[in-house]
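Fold and geometry: a report
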Amino acid sequence: MSDAITQMRDQIRKHQEDKARLEGDLATLAKKRPELDKQIMAAQAKLRDAKGPAVQQIQNELRNAKEAVQGAAGGMQSLRGKIAELTGKIAELEKNIKIVEDFMRPKK
C-alpha cells in the first residue's frame, strides 16, 4: 500500500512540475499579447496614412499581426485547459492518497 502512495505522490510531483511549466508558458504568452496589440494599432495607424503600393504591405503586416493575436489567444486557451486538467488530476490523486491512508490507519 505504501508503494501505491509513493507512486501517487510521484505522479502529483510530476503533474505539479508540468503545471508550473504550463503556467510559465501562459504567462509568457500573456506578456506578448500587449505587444501584439500595439503592432496591430501601429499598422492600422500606418494604413490610414498610406498611399500607393505601401498599402498592400501594411495590410499584410496588419493581417499577420491579427493572426499572431489569434494564435496567442488560442494557445492561451489551450494552456488554460491543460492547467485545469492537471489541477483536477492532482486533486484526484490527493483524494486517493487520503483514502488509502485512512484505510491503512489502525482501527480502534
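Reading guide: rules and limits
Residues numbered from 1 in each chain as written. Predicted model: local features only at pLDDT ≥ 70, side-chain atom pairs only at ≥ 80, totals over all residues. Heavy atoms only, no water. Helix = DSSP H or I, 4+ residues; strand = E, 2+ residues; numbered from the N terminus. Rg over C-alpha atoms; globule rule 2.2 N^0.38 Å. Buried < 20%, exposed > 50% of the residue type's maximum accessible area, 1.4 Å probe, protein only. Contact = heavy atoms within 4.5 Å. Areas by Shrake-Rupley, 256 points an atom, 1.4 Å probe, with all protein chains shown as cover. Lys, Arg positive; Asp, Glu negative; His and termini not counted. Charge placed at Lys NZ, Arg CZ, Asp CG, Glu CD. Salt bridge = Lys/Arg side-chain N within 4 Å of Asp/Glu carboxyl O. Axes fitted to C-alpha atoms, helices over the stretch in contact; angles between N-to-C directions. Parallel < 35°, antiparallel > 145°, perpendicular 65-115°, else oblique. Left-handed = near helix turned anticlockwise from the far one by under 90°. Nonpolar A, V, L, I, M, F, W, Y, C, P; charged D, E, K, R; others polar.

1. A look at the overall build of the protein chain
Across its full length, the protein chain carries two helices and zero strands. For 108 residues, the compact-globule formula gives about 13 Å, and the C-alpha radius of gyration of the protein chain, at 24 Å, lies well above that figure. C-alpha extents for the protein chain along the principal axes are approximately 85 × 20 × 15 Å. In the protein chain, which comprises 108 residues, the share counted as buried stands at 22%. Excluding contacts between residues fewer than 6 apart, the proportion of contacts in the protein chain whose partners are at least 24 apart in sequence is 81%. Carbon and sulfur atoms form 55% of the exposed surface of the protein chain, whose accessible area is close to 7800 Å². The centroid of the 22 positive side-chain charges in the protein chain is displaced by 4 Å from the centroid of its 16 negative side-chain charges.

2. So, the side chain of K19
Structurally, the position occupied by K19 is in helix α1 (residues 2-49). No salt bridge is formed by the buried K19; its nearest oppositely charged neighbour, E23, is found at 4.2 Å. Discounting residues that sit within four places of it in the chain, K19 has contacts with I83, L86, T87 and I90.

3. A short note on the packing of α1 against helix α2 (residues 54-104)
For any two helices packed against each other, one specifies the crossing angle of their axes together with the interaxial distance. Where α1 contacts α2, the two axes come as close as 7 Å, and the packing angle between them is 160°. Considering the angle they form, α1 stands roughly antiparallel to α2. The interaxial crossing formed by α1 with α2 has left-handed handedness. Grouping the amino acids of the contact of α1 with α2 by side-chain chemistry returns 28 nonpolar, ten polar and 15 charged.

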